[in-house]
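Structural overview for review
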Amino acid sequence: MSMFCYQCQETAKGTGCTIKGVCGKTENVANLQDLLIYTLKGISIYAVQARAMNIVRPDVDKFIMESLFSTITNANFDRSRFVDRIQEGLTLREMLKQEIIKAGGTIPANLNDAAIWSAPADDFEKKAVAVGVLATENEDVRSLRELLTYGLKGIAAYAEHAYTLEHKEAGIFAFIEKALAATLDDSLAAGDLVGLVLEAGKYGVDVMALLDTANTTTYGNPELTKVNIGVRNNPAILISGHDLKDLEELLIQTQGSGVDVYTHGEMLPAHYYPAFKKYDNFVGNYGNAWYKQDKEFDSFNGPVFLTTNCLVPPKESYKDRVYTTGVVGFEGVKHIADREDGKAKDFSALIAHAKSCPAPTEIETGEIIGGFAHNQVLALADKVVAAVKSGAIKRFFVMAGCDGRMKSRDYYADFAKALPQDTIILTAGCAKYKYNKLNLGDIGGIPRVLDAGQCNDSYSLAVIALKLKEVFGLEDINQLPISYNIAWYEQKAVIVLLALLHLGVKNIHLGPTLPGFLSPNVVKVLVENFGIAGITNVEDDVKMFMA
Ligand code: SF4
Ligand code: SF3
């Protein structure tokens, strides 16, 4: 075995990628990611001690957040970026340690190896092999440590988006560091780790609320919007990922340039924000969820810009048209540098490149509808409540989460089609692409698929549920006529799930397969305490949910 990774839904055989990632991640990148996480845990040991002495280093917080984010599935495949990060991490770790000593603190003897190891860059991969996921021998402890770590990756990703819009919360950084350090603590029993996993859910709610505030105060509240899925006859740039600030700066810089901008994948919900509607070159959404990029980037003809996950290793036919930024990376692909001194990123190369390319090839025509984040749905609350009371709406289905290339995910399209006409789908994340073009109709003017936005906007779905609970005077969120059939793929979906558990939601169904990183005993805990279950087949599941 040359690597071990089981953090995402498509992990090999449902148990772990051991030779090469199904996602395309190479063995050396996988191992360096493990070593980076180990380094972050070591830094966190000092960060916890420092914080207790009122020493807070914003550079350390930021480094940990961005590093966690960079190890999310389909974010970064570039070996050299991980080597650089590990080196930077070791330097920060030493600086933090010296600062503690300078402030009169004592560095404990017998610190964990993660806090004291060092090695020349050439030896990183050798070191990495000893510190990966399998270094924890007990299967249940390993499962809980990884579940916690993946939840932290999701928190870090959302915290990074909020941070970019100048919204941050010290408590979120403090929790990330406390929890990372805890994953090294052999004195913690499984019960303690379960407690931390559930606490991560609380911070999942907090960070999504923070990002919601960041997005809505900067760009306005998402509103009901029809998004064009056809093309125009101008050269264009395709922007993907979740970063709205990158989009804003790109729109400003392309204005009047003759270059159009289209969204792909998780950038689709940007169209729902009022702030972006003033750009007449912001044409529409091109294509579908991330995994179809190998075909859709080809036919788009112009440059594509990945602001966050999900990047698929690019085909040679369009690799020279791919640009990454932020935590995203791929060897041999052009990378747009971070902002400096409050200045915008420089997209001139991207725009010049677009001008030399033909316009996108049309792959579909028409419109899709979305923008049903909490503010818009609550504006329709009277209508929704009346429809529930009259029986016109029998049940809501939260089908948030991720899409992916596994054939078994056709289940979600079939499930949406098979749902009775008096049901509404509440969605967020790229999972929506399985049914947002099916024309499932409406109930008295309320569309049967209500898209709240990106995966982080799952927060909106929780706000809506809590509001309905209040309106109907219910004691428990689980008394609402809402079922949860969530599709997961990467680690942001892990934090969305933990956030829902924190809010008290029970009986969530998770598919298309249960996470490979959950040991049988951890699954048992989740089943017994939260009623978590998998999926079976469309017919039986629809019957079960509607019963
Ligand atoms: Fe395998 Fe997923 Fe890890 Fe990639 S991220 S190596 S597909 S488990
Ligand atoms: Fe999609 Fe990658 Fe998860 Fe943000 S973009 S939901 S998979």
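Position numbers for residues count from 1 along each chain, tracking the sequence in the order it is written. Chains and ligands are labelled sequentially in the order written, the chains with letters from A and the ligands with numbers from 1. In keeping with the predicted nature of the model, local features appear solely for residues at pLDDT of at least 70, side-chain atom pairs appear and are counted solely at 80 or more, and the whole-chain, interface and lining totals rest on all residues. Remark: hydrogens and water are excluded; side-chain values derive from all non-hydrogen atoms of the structure.

1. Considering the overall build of the chain
Think of it this way: any DSSP run of H or I at least four residues long counts as a helix, any run of E at least two long counts as a strand, and we number them from the N terminus. If you tally the helices and strands in the chain, you get 19 helices and 15 strands. In this treatment the radius of gyration is a C-alpha quantity, and the globule benchmark scales as 2.2 Å times the residue count to the 0.38 power. In terms of overall size, the chain behaves like a compact globule, its C-alpha atoms giving a radius of gyration of 23 Å where 547 residues would be expected to give roughly 24 Å. Partly exposed residues are those whose accessible area sits between 20% and 50% of the maximum for their type, while under 20% is buried and over 50% is exposed, using a 1.4 Å probe and protein chains only. Each of the 547 residues in the chain was classed as buried or not, and the buried ones make up 60%. Throughout, a residue-residue contact means that at least one pair of heavy atoms, one from each residue, lies within 4.5 Å. Within the chain, contacts between residues at least 6 apart in sequence are counted, and of these 75% link residues at least 24 apart. Accessible area of the chain: about 20400 Å², with a carbon and sulfur share of 51%. Accessible areas in this description were obtained via Shrake-Rupley with a 1.4 Å probe; residue shielding takes into account the shown protein chains only.

2. Details of the domain arrangement of the chain
Residue ranges assigned to the domains are those given by an automatic or database domain assignment. Per the domain assignment, the segments of the chain are domain 1 (1-135), domain 2 (225-355) and domain 3 (369-546). One C-alpha centre belongs to domain 1, the other to domain 2, and the line joining them spans 30 Å. Listed by partner, the interface residues are 16 residues for domain 1 and 13 residues for domain 2. Summed over both partners, the accessible area lost on bringing two parts together, with a 1.4 Å probe, is the buried area. Buried surface at the junction of domain 1 and domain 2, summed over both partners, amounts to about 1100 Å²; 55% is from carbon and sulfur atoms. Among the residues domain 1 hides against domain 2, the three largest losses belong to Asn 74, Phe 77 and Arg 81. Together they make up 45% of the total. Listing elements by their share of the side of domain 1 that touches domain 2, those giving two or more residues are helix 2 (58-70) and helix 3 (79-102). Here the side of domain 1 that touches domain 2 is composed, by residue class, of five nonpolar, six polar and five charged. Note on residue categories: nonpolar means Ala, Val, Leu, Ile, Met, Phe, Trp, Tyr, Cys or Pro, charged means Asp, Glu, Lys or Arg, and polar means any other residue, Gly included.

3. Digging into the nonpolar core
Counting residues in each nonpolar core, the largest one holds 153 residues, and the members touching the most others are Ile 155 and Phe 276. In contact with Phe 276, not counting residues within four places along its chain, are Tyr 219, Leu 244, Leu 247, Glu 248, Leu 251, Ala 270 and Phe 282. For the purposes of this section, nonpolar cores are sets of buried Ala, Val, Leu, Ile, Met, Phe, Trp, Tyr and Cys residues that join through side-chain atoms within 4.5 Å. Counting residues in hydrophobic clusters, the runner-up holds 17 residues, among them Leu 419, Ala 431, Leu 440 and Val 538.

4. Section: the sheet that holds strand 6 (residues 322-325)
Backbone-to-backbone hydrogen bonds pair the strands of a sheet. The strands run either parallel or antiparallel. A pair of strands counts as paired when DSSP detects no fewer than two bridges linking them. As summarised here, the arrangement of the six strands in space is 4-3-2-5-6-7, forming an open sheet in which the pairing is parallel. Because the sheet does not close on itself, it has two edges, and the strands there are strand 4 (282-285) and strand 7 (334-336). With direction set aside, neighbouring strand axes in the sheet form an average angle of 30°. Here strand 6 pairs with strand 7 via three bridges, running parallel. Within strand 7, the residue paired with Thr 324 across the bridge is His 335. Packed on one face of the sheet, helix 12 (residues 348-355) meets strand 2 (236-240), strand 5 (304-306), strand 6 and strand 7 and runs near 130° to strand 2. Between the N-to-C directions of two axes lies an angle of 0 to 180 degrees, each axis being a line fitted to C-alpha atoms and, for a helix, fitted only over the stretch in contact.

5. Structural notes on the side chain of Asp 246
In this structure, Asp 246 sits in helix 9 (residues 244-254). Look past the residues within four positions of Asp 246 in its chain and what remains in contact with it is Ile 239, Phe 305, Thr 307, Thr 325, Arg 339, Lys 345 and Phe 347.

6. Observations regarding the packing of helix 15 (residues 410-418) against helix 19 (residues 538-546)
Two numbers describe how helix 15 lies on helix 19: the axes approach to 10 Å, and their chain directions differ by 50°. Comparing their axes, helix 19 and helix 15 come out oblique. Handedness of the crossing formed by helix 15 with helix 19: right-handed. From helix 15, Tyr 411, Asp 414, Phe 415 and Ala 418 reach across to helix 19, where they touch Val 538, Asp 541, Val 542 and Phe 545. Residue composition of the contact of helix 15 with helix 19, grouped by class: six nonpolar, no polar and two charged. Convention used here: angles under 35 degrees read as roughly parallel, angles over 145 as roughly antiparallel, angles from 65 to 115 as roughly perpendicular, and any remaining angle as oblique. If you view the pair so one helix is near and one far, a crossing is left-handed when the near helix is turned anticlockwise from the far one by less than a right angle, and right-handed when it is turned clockwise.

7. Some remarks on helix 9
Burial of helix 9 is extensive: eight of the 11 residues sit out of reach of the surface. Within helix 9, burial applies to Leu 244, Asp 246, Leu 247, Glu 248, Glu 249, Leu 250, Leu 251 and Thr 254. Polar contacts, as used here, are pairs of N or O atoms within 3.5 Å; protein pairs need one atom able to donate a hydrogen and one able to accept it. Residues neighboring in sequence count only if both atoms are side-chain atoms. A distance of 3.0 Å separates the backbone nitrogen of Lys 245 from a side-chain oxygen at the start of helix 9, and that oxygen is part of Asp 243. Positive phi appears at Gly 256, one or two residues downstream of helix 9, with a value of about 75°.

8. Here we look at the pairing of strand 3 (residues 260-263)
Each regular strand carries side chains that alternate between the two faces of the sheet. What you see with strand 3 is no split at all: Asp 260 and Tyr 262 on one side and Val 261 and Thr 263 on the other are buried throughout. This β-α-β element, strand 2 to helix 9 to strand 3, shows right-handed connectivity. Pairing analysis gives three bridges linking strand 3 to strand 4, with the strands arranged parallel. Opposite Tyr 262, over in strand 4, you have Gly 284 as the bridge partner. Note on handedness: a clockwise path from strand one over the helix to strand two, with the strands aimed away from the viewer, defines a right-handed crossover.

9. Examining the packing of aromatic side chains
Side-chain rings of Phe, Tyr and Trp, where Trp is taken by its six-membered ring, are said to pair if the distance between their centres is within 6.5 Å; with planes under 30 degrees apart they count as stacked, over 60 as edge-to-face, and otherwise as tilted. As enumerated under the stated definition, the model contains 24 aromatic pairs in all. An angle of 55° between the planes, with centres 5.4 Å apart, marks the rings of Phe 77 and Phe 330 as tilted. Remark: Phe 330 occurs in the loop between strand 6 and strand 7 and Phe 77 occurs in the loop between helix 2 and helix 3; sequence separation between them is 253 residues. For the pair Phe 77 and Phe 330, a shared accessibility class is recorded, and that class is buried.

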